[in-house]
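# Per-entry structural report
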Amino acid sequence: MKKFILGIIALFSVLTFNSGCSNGFDDGVYVGNYEEKTTWATYTANVEVTLKNGKIEEVKLLSSNIHSPESSWDNTTAWTQHYQELLDSYVGINARKIVDNDKAPVDSLSGATISSDRLYQAIKLALINGPR
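First, a word on what this report is: a plain description of the structure on this page. Everything numeric in this text was worked out from a predicted model, so none of it was measured.

### Some remarks on the sheet that holds strand β3 (residues 55–65)
Pairing is antiparallel in the open sheet, where 3 strands are placed in the order β1-β2-β3. Two strands lie at the open edges of the sheet, namely β1 (28–37) and β3, each paired on one side alone. Pairwise comparison of adjacent strand axes, ignoring direction, gives a mean angle of 20° for this sheet. Note: strand β2 (residues 42–52) against β3, 9 bridges, orientation antiparallel. Residue pairing in the sheet places Leu 51 in a bridge with Ile 56 of β3. The strands touched by helix α5 (residues 113–129) are β1, β2 and β3; relative to β1, the strand with the most contacts, the crossing angle is about 130°.

Now the structure itself:
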């Protein structure tokens, strides 16, 4: 009986180890579409997130209207010239850390905090929605 129980435990351990990552996220590509409507405009961010071993391997901004030229935001170049740096800062972060938190685990772009938050929401939605 003892050998049987140990065998079951060993089998369960192997199956658990081989069934994907421990954080519940499968390798693959996840797509997220975030939309925020305000009095002045509708803001969107559409992303593609690639996961490997439960960690973000790449984030691509597929399309966005994260900021509006008509807005009072004076420094739109903070976003337009530096968003790739923000995307790259997500590489290596555990997907569970994104989903389980209300705030981004990376620093926002200085001067583009709201846009950075919209991007984070799109990434979070991608992971919640699951791989395509």
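Let us keep going from here.
### A word on unusual backbone geometry
Unusually for a residue other than glycine, Asn 53 sits at a positive phi of about 55°. In this structure, Asn 53 sits in the loop between β2 and β3. Residue Asn 53 is classed as exposed on the basis of its relative accessible area of 57%.

Reading the values: rules and limits
Residues numbered from 1 in each chain as written. Predicted model: local features only at pLDDT ≥ 70, side-chain atom pairs only at ≥ 80, totals over all residues. Heavy atoms only, no water. Pairing = 2+ DSSP bridges. Helix = DSSP H or I, 4+ residues; strand = E, 2+ residues; numbered from the N terminus. Axes fitted to C-alpha atoms, helices over the stretch in contact; angles between N-to-C directions. Contact = heavy atoms within 4.5 Å. Buried < 20%, exposed > 50% of the residue type's maximum accessible area, 1.4 Å probe, protein only.

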